[in-house]
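Examining the three-dimensional arrangement
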Amino acid sequence: MTGNMRNILLFVIVFALIGAVGFLQSWNVALVILNMGLISALMALGVNMQWGYAGLFNIGIMGFVALGGLATVLTSMPPVTEAWAAGGLRVLVALAVGAGTIALAVRAWHRVSRRRGLVVSTIVVVGFIIYRWLFDPAVEAIEAVNPAATGYLGGLGLPVVLAWPVGGLLAAGAAWIIGKTALGLRSDYLAIATLGIAEIIIAVMKNEDWLDRGVKNVVGLPRPVPYEVDLQQDPEFVARALELGLDPATASSLYVKLSYGIMFAVVLVIVLLMAELSLRSPWGRMMRAIRDNEVAAEAMGKDVTRRHLEIFILGSAVCGIAGAMMTTLDGQLTPGTYNPLRYTFLIWLMVIVGGSGNNWGAILGGFLVWFLWVEVEPMGRWLIEVLTAGMSPDSALRAHLVESAAHMRLMTMGVLLLLVLRFSPRGLIPEK
Amino acid sequence: MDVLNAIVALLNYVVVPGVAYGSQLALGALGVTLIFGILRFSNFAHGDTMAFGTMVTILLTWALQAAGISAGPLPTALLTLPVAIVVTAVVLLATDRVVYRFYRRTRAAPITLVIASLGVMFIMNGVIRFIIGPGEQNFADGSRFIITARQFKAMTGLREGLAIKVTQGITVVLAIVVVAALFWFLNRTRTGKSMRAYADNEDLALLSGINPERVVTVAWVLAAALATIAGVLYGLDKSFKPFTYFQLLLPIFASAIVGGLGNPLGAIAGGFVIAFSEVTVTYAWKKVVGYLVPEGLEPSGLLQLLSTDYKFAVSFAILVVVLLVRPTGLFRGQSS
């Protein structure tokens, strides 16, 4: 019971910190932190499934998060009919040929016994030539359609909330491919493989303009909540705001952020519930047994690789959902901003600080680390300014230090990771 | 048909850059493989170690340039490189004391050390951005070319030119010297032999009176030297940007794994395999093919297999294929 009290207290402290931001800075900032905190907690939950339940070291989270973002564009943006007419079908056929080539090559590798290398390389070369012959003109045609505004195929024009499960599916599909090849290898190899695939996913999203406009970004994604401007023009809303003593502009922005927060919280609660139930089920016990002693579990007849594949797909899917939610919140997809320090290693820090193997720990870590990530920068700037107050205001060193203060957060996060790993390796809320 | 011009074009655009890049990757992969062999974990901070050593070199180079000292036709950075190696070695040894030694003593699982190296990576990344900033720095000076395309054309009378940059020459020469020295050290000296013994069988090495702390210290010093040299050579050849160095982690690890983690010879081979694959797959072959096929049959497209933005994909694909077909790498590496 005392352990439970301690955990509740930890959560109270974290929310009090966010509340303090509300009182001291502004409620808008506090809600921004809370919303991204909810998303971060979901990502940490996904990573915790992989690492905490099964001991899989996945450092390609960024890739799955980005796939979720891509899903948002593909689901919610209206289709660009001219682009589809120009070469949509041809691109799809080309992609099918590409996928077919790989599948055929893999099959040949397993089936053909004589001159295997020659057969497989012939399949790959021929398939690649056909693929490029189909693909290149189609892409050129699509990207030529009004390049300043579209130049891509667009999406399906479905409600944006549908993008969240789609993001999960997309990430799960990618995880299946990676898991099939890299699971069962040593843990370091899985790490490198996931790191690599994440970079590739980002590279594809940056360069395949026909898919998502690449670094030109897709802006103006549909929103699941009303726009602030519309709220401010709604007389009923304005009256309600004035009743609460808020000016309509602030009230509308708070309303929008709160609506997002409630939607994210619902998703988080559902995923948490499912994660907790599965952890306590026989399946969850088997998972932990495998993690603690793979050889013994295998001797008991458990299919270790298969279980690993399952949990890898599930955890990645959760990251994909979180990624789709994040892109929805941003209202735009900016492939150039995905950075492994922020989207992979920071999530890892959340899991380790919170407590690997414990879902509540992962959530706590998500909120706490996100709070620090946001607040360390102003704190660092303040600290530098105090420390350099004695220097002359036009000193070059001082200017450099103040300018560099933004990079303090990386250092702080690294120090936090090392401290937790050394002195409290089980995290703030340890596994039961 | 113009075979000579085709060969020169191939040399100019594929072989020369490939050799230089391969040398840089090989040096980086040697550092990774060495730490893996001795300390038995994948050091994710290696890319940032390279960046750190390069940063120190750049700062010292700027100081020398300000003082008006230069190395004539060679880049000034070569003068400051040894000092930077010492600084980086001191930093790595301090990191080992503060971070890694504890886990070594408690015999923690390798994955714990990997996570610790992620923490170190964060801190180093922050320190580098704090000191020199996240932007791009160019610090190559001295003369630029050993031979320019124009000189080559005038010399041979061919249509294609062959240009070799000073930095490319330095890269290859320095890489050969460093690798030769490293292998001499590992195979001929007492300390080197004790390191190989330790990597091979820790318990047996301890029983025969090898001091593990000494082995680990030497390994870190060597890793610092290799990382700094690789980083400076890469920076001279291309340019220095902290994030690029972080991204170099992928091809470097791919090289080390493709060659067989823990095997120095494999790291070198892996470096060249990865470098040449990246260059050949992302090179537009139009020119070379244009010289080789009869007139009128020149290809209309660029004949580029993948755009250069996908070079990560190349190292990754090779990595996956090698892991599937030969899980211990081309040269038998350690498996732990």
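Residues numbered from 1 in each chain as written. Chains lettered and ligands numbered in written order. Predicted model: local features only at pLDDT ≥ 70, side-chain atom pairs only at ≥ 80, totals over all residues. Heavy atoms only, no water.

**Quick notes on the overall build of chain A**
Our working rule: Under the DSSP-based scheme used, a helix requires at least four consecutive residues in state H or I and a strand at least two consecutive residues in state E, with every element numbered from the N terminus. In this setup the radius of gyration rests on C-alpha atoms only. A globule is expected at 2.2 Å times the number of residues raised to 0.38. In this scheme, a residue with accessible area under 20% of its type's maximum is buried, one over 50% is exposed, and one in between is partly exposed, where area comes from a 1.4 Å probe on protein chains only. The criterion used for residue contact is that any of the two residues' heavy atoms lie within 4.5 Å.
Scanning chain A from N- to C-terminus turns up 18 helices and two strands. For a compact globule of 432 residues, the expected C-alpha radius of gyration is about 22 Å, and chain A comes in at 24 Å, within 12% of that figure. Per-residue burial for chain A yields a buried fraction of 52% across its 432 residues. The contacts in chain A between residues at least 6 apart in sequence include a share of 81% that link residues at least 24 apart.

**Points about the domain arrangement of chain A**
How big an interface is tends to be expressed through the accessible area that disappears when the partners come together. Residue and element names in this part refer to chain A. In plain terms, the rule: For the domain bounds, the source is a domain assignment made automatically or taken from a database. Once two parts are joined, some of their accessible surface, as seen by a 1.4 Å probe, is lost; buried area is that loss totalled over both. The salt bridge criterion pairs a side-chain nitrogen of Lys or Arg with a carboxyl oxygen of Asp or Glu, the two atoms within 4 Å. Pairing of N or O atoms within 3.5 Å defines a polar contact, subject to two protein rules: one partner must be a possible hydrogen donor and the other a possible acceptor, and residues neighboring in sequence count only if both atoms are side-chain atoms.
The assigned domain composition of chain A is domain 1 (2–79 + 154–423) and domain 2 (80–153). Using only C-alpha atoms to locate each centre, domain 1 and domain 2 end up separated by 33 Å. Contact with domain 1, which involves 14 residues of that partner, is made by 16 residues of domain 2. Of the roughly 1,000 Å² buried between domain 1 and domain 2 on both sides combined, carbon and sulfur atoms contribute 57%. Ranking the residues of domain 1 by area buried against domain 2 places Gly 154, Trp 210 and Arg 213 at the top, with a combined share of 62%. The interface formed by domain 1 and domain 2 contains zero salt bridges. Linking domain 1 with domain 2 are seven residue pairs in polar contact (both at pLDDT 80 or more), by the criterion used here. Looking at the side of domain 1 that touches domain 2 element by element, the count peaks at four residues for helix H8 (residues 209–212).

**Thoughts on the nonpolar core**
The condition is simple: What makes a nonpolar core is a set of buried Ala, Val, Leu, Ile, Met, Phe, Trp, Tyr and Cys residues whose side-chain atoms join them at distances within 4.5 Å.
Core analysis: the biggest nonpolar cluster contains 226 residues, and Leu 42 and Phe 57 of chain A together with Leu 27 of chain B have the highest contact counts within it. Broken down by element, the residue count for this core peaks at 17 residues, all from helix H9 (residues 212–237) of chain B. Taken domain by domain, this core gets at least three of its residues from each of domain 1 (2–79 + 154–423) and domain 2 (80–153) of chain A. If sequence neighbours within four positions are ignored, Phe 57 of chain A has contacts with Trp 51, Leu 190, Ala 191, Thr 194 and Trp 348 of chain A together with Ile 111, Val 114, Ile 115 and Leu 118 of chain B. Formed by seven residues, the second largest nonpolar core is a distinct cluster that contains Ala 6, Val 279, Tyr 283 and Val 288 of chain B.

**So, the packing of aromatic side chains**
Residues and elements named next belong to chain A. We apply this condition: Working definition: a ring pair exists when centres of Phe, Tyr or Trp rings (six-membered ring for Trp) sit within 6.5 Å. Plane angles under 30 degrees give stacked, over 60 give edge-to-face, the rest tilted.
Summed over all chains, the structure comprises 27 aromatic pairs over all chains. Arranged with centres 5.2 Å apart and planes meeting at 70°, the rings of Phe 23 and Trp 27 form a pair that is edge-to-face. When its relative accessible area of 67% is taken as the criterion, Phe 23 is described as exposed. With a relative accessible area of 43%, Trp 27 lands in the partly exposed category. Taking the centre distance of 5.5 Å and the plane angle of 70° together, the rings of Phe 237 and Tyr 255 count as edge-to-face. With Phe 237 in helix H10 (residues 235–243) and Tyr 255 in helix H11 (residues 248–280), the pair connects residues that are 18 residues apart, well separated along the chain. Owing to a relative accessible area of 13%, Phe 237 belongs among the buried residues under this scheme.

**Brief notes about the environment of Thr 122 of chain A**
All names here are of chain A. Among the structural elements, Thr 122 can be located in helix H5 (residues 116–144). The exposure class assigned to Thr 122 is partly exposed, which follows from its relative accessible area of 42%. Once the C-alpha coordinates of Thr 122 and Ala 105 are considered, the two residues, 17 residues apart in sequence, prove to be 9.0 Å apart. Separated by 2.6 Å, the side chain of Thr 122 and the backbone oxygen of Leu 118 make a polar contact.

**Here we look at the side chain of Arg 409 of chain A**
Residue and element names in this part refer to chain A. Relative to the elements of secondary structure, Arg 409 occurs in helix H18 (residues 408–423). Within polar-contact distance, the side chain of Arg 409 engages the backbone oxygen of Trp 373 at 3.1 Å. Apart from the residues lying within four places of it in its own chain, the contact partners of Arg 409 are Trp 373, Val 374, Val 376 and Glu 377.

**Digging into the interface of chain A and chain B**
Listed per partner, the contact involves 47 residues of chain A and 49 residues of chain B. Here chain A packs against chain B, burying approximately 4,200 Å² in sum over the two surfaces, 77% of which is carbon and sulfur. Three residues, Tyr 189, Ile 192 and Arg 422 of chain A, lead the burial of chain A against chain B; their summed loss comes to 15% of the area buried on that side. Our count for the contact surface shared by chain A and chain B stands at zero salt bridges.

**With respect to the side chain of Asp 48 of chain B**
Considering the arrangement of structural elements, one finds Asp 48 of chain B in helix H2 (residues 46–67). For Asp 48 of chain B, the residues in contact, after removing those within four places along its chain, are Met 121, Met 124, Asn 125, Ile 128 and Phe 246 of chain B.

**With respect to the environment of Gly 161 of chain B**
Residue and element names in this part refer to chain B. Position of Gly 161 among the secondary structure elements: in the loop between helix H5 (149–156) and strand S2 (164–165). Residue class for Gly 161 comes out buried when judged on its relative accessible area of 5%. For the pair Gly 161 and Ala 67, spaced 94 residues apart in sequence, the C-alpha to C-alpha distance is 37 Å. Filtering out sequence-adjacent residues up to four positions away, Gly 161 remains in contact with Val 8, Asn 12, Ala 149, Phe 152 and Lys 153.

**Digging into the packing of H18 of chain A against helix H4 (residues 110–132) of chain B**
Convention followed: Helix axes are fitted only over the stretch in contact, all axes being lines through C-alpha atoms; the angle between N-to-C directions runs from 0 to 180 degrees. Any angle that falls under 35 degrees is termed roughly parallel, while one over 145 is termed roughly antiparallel, one within 65 to 115 roughly perpendicular, and all others oblique. Take the far helix as your reference; a near helix turned counterclockwise from it by less than a right angle gives a left-handed crossing, and one turned clockwise gives a right-handed crossing. Gly counts as polar in this scheme, as do all residues outside two lists: the nonpolar Ala, Val, Leu, Ile, Met, Phe, Trp, Tyr, Cys and Pro, and the charged Asp, Glu, Lys and Arg.
H4 of chain B packs onto H18 of chain A with a crossing angle of 155° between their chain directions and a minimal axis gap of 7 Å. Here H4 of chain B runs roughly antiparallel to H18 of chain A, going by the angle between their axes. Note on packing geometry: the crossing formed by H18 of chain A with H4 of chain B is left-handed. Counted by class, the contact of H18 of chain A with H4 of chain B contains 16 nonpolar, five polar and one charged residues.

**A word on unusual backbone geometry**
One non-glycine residue, Asn 146 of chain A, lies in positive phi territory at about 45°. Mapped onto the elements of the fold, Asn 146 of chain A is located in the loop between H5 and helix H6 (163–182). A positive phi angle, near 65°, is found at Arg 40 of chain B, a position not held by glycine. Take Arg 40 of chain B: it is sitting in the loop between helix H1 (3–39) and H2.

**Re the pattern of salt bridges**
Going through the model one piece at a time under the given rule, you end up with 14 salt bridges over all chains. Between Arg 307 of chain A and Glu 310 of chain A there is a salt bridge whose closest N-O contact spans 2.9 Å. A residue pair is termed a helical-turn pair when its members lie 3 or 4 positions apart in one helix, as Arg 307 of chain A and Glu 310 of chain A do in helix H14 (residues 304–330) at three residues. A relative accessible area of 15% means that Arg 307 of chain A is categorised as buried. A salt bridge links Glu 213 of chain B to Arg 104 of chain B; the nearest nitrogen and oxygen atoms lie 3.3 Å apart. You can see Glu 213 of chain B sitting in helix H9 and its partner Arg 104 of chain B sitting in helix H3 (residues 77–105), a full 109 residues away along the chain. One network of salt bridges, in which partners are shared, links Arg 291, Asp 292 and Glu 431 of chain A.

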